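# Breakdown of the fold
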Amino acid sequence: AFGWGSPWGSSSSQQHATDELDSDSFDSFLKDHAVTAILFYAPWCFYSQQMMPSWDLAAQKLMLHDPPVHLAKVDAHRHSGIGDRFGINAFPTMKLFVDGAVFEYDSR
């Protein structure tokens, strides 16, 4: 009713331009896109919800670069195996993946 979407299983990939990854698509997406920034989020998290519009806008702008920089997102609450694999313990968390290497985002 308020346009926030339902945190109980609705597909947020229909609401945002970034690719929504899951355990089936995660590794193949990174293999196909050598430079990718990934947002690990939880749909119930206020800060994750606040981040989505900016993440979406950044994805649109970075696709204009040559070569394009891909932005994707993972519901790490729903797909906890991926979150555990990369040590996600807070939401939202951003990580940059470059040719198999993982870089942490540090806001300091």
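Conventions we followed
Residues numbered from 1 in each chain as written. Predicted model: local features only at pLDDT ≥ 70, side-chain atom pairs only at ≥ 80, totals over all residues. Heavy atoms only, no water. Core = buried A, V, L, I, M, F, W, Y, C linked by side-chain atoms within 4.5 Å. Buried < 20%, exposed > 50% of the residue type's maximum accessible area, 1.4 Å probe, protein only. Helix = DSSP H or I, 4+ residues; strand = E, 2+ residues; numbered from the N terminus. Contact = heavy atoms within 4.5 Å. Expected span 1.5 Å × (residues − 1). Bend = angle between axes of the 7 residues up to and from the residue. Pairing = 2+ DSSP bridges. Axes fitted to C-alpha atoms, helices over the stretch in contact; angles between N-to-C directions.

## Looking at the nonpolar core
Residues Leu21, Phe26, Ile38, Phe40, Val74, Phe86 and Phe97 are the most contacted members of the largest nonpolar core, which totals 13 residues. Only α1 (26-32), β2 (35-41) and β3 (70-75) provide two or more residues apiece to this core. Sorting elements by how many residues they give to this core places α1 first, with three residues. If we skip the residues at most four places from it in the chain, Phe97 touches Phe26, Leu30, Ala34, Val35, Thr36, Ile38, Phe40, Phe86 and Val102. Ranked by size, the runner-up nonpolar core spans seven residues in total, among them Leu39, Tyr41, Met52 and Trp55.

## What about helix α2 (residues 46-62)?
End to end, α2 covers 25 Å across 17 residues, agreeing with the expected 24 Å (1.5 Å per residue, within 8%). Its maximal kink placed at Met52, α2 deviates by approximately 35°, while the proline Pro53 follows within four residues. Burial in α2 covers these residues: Ser48, Met52, Trp55, Asp56 and Ala59. The inward-facing, buried residues of α2 abut β2, β3 and β4 (93-98).

## Some remarks on the sheet that holds β2
Hydrogen bonding along the main chain pairs the strands of a sheet, whether they run parallel or antiparallel. Read across the open sheet, the five strands follow the order β1-β3-β2-β4-β5; overall the sheet is mixed. One side of each edge strand has no neighbouring strand; the edge strands of this open sheet are β1 (19-21) and β5 (101-104). On average, each strand axis in the sheet is tilted by 30° relative to the strand beside it, whichever way the strands run. As paired elements, β2 and β4 share six bridges and run antiparallel to each other. The partner of Val35 across the bridge, within β4, is Val98.

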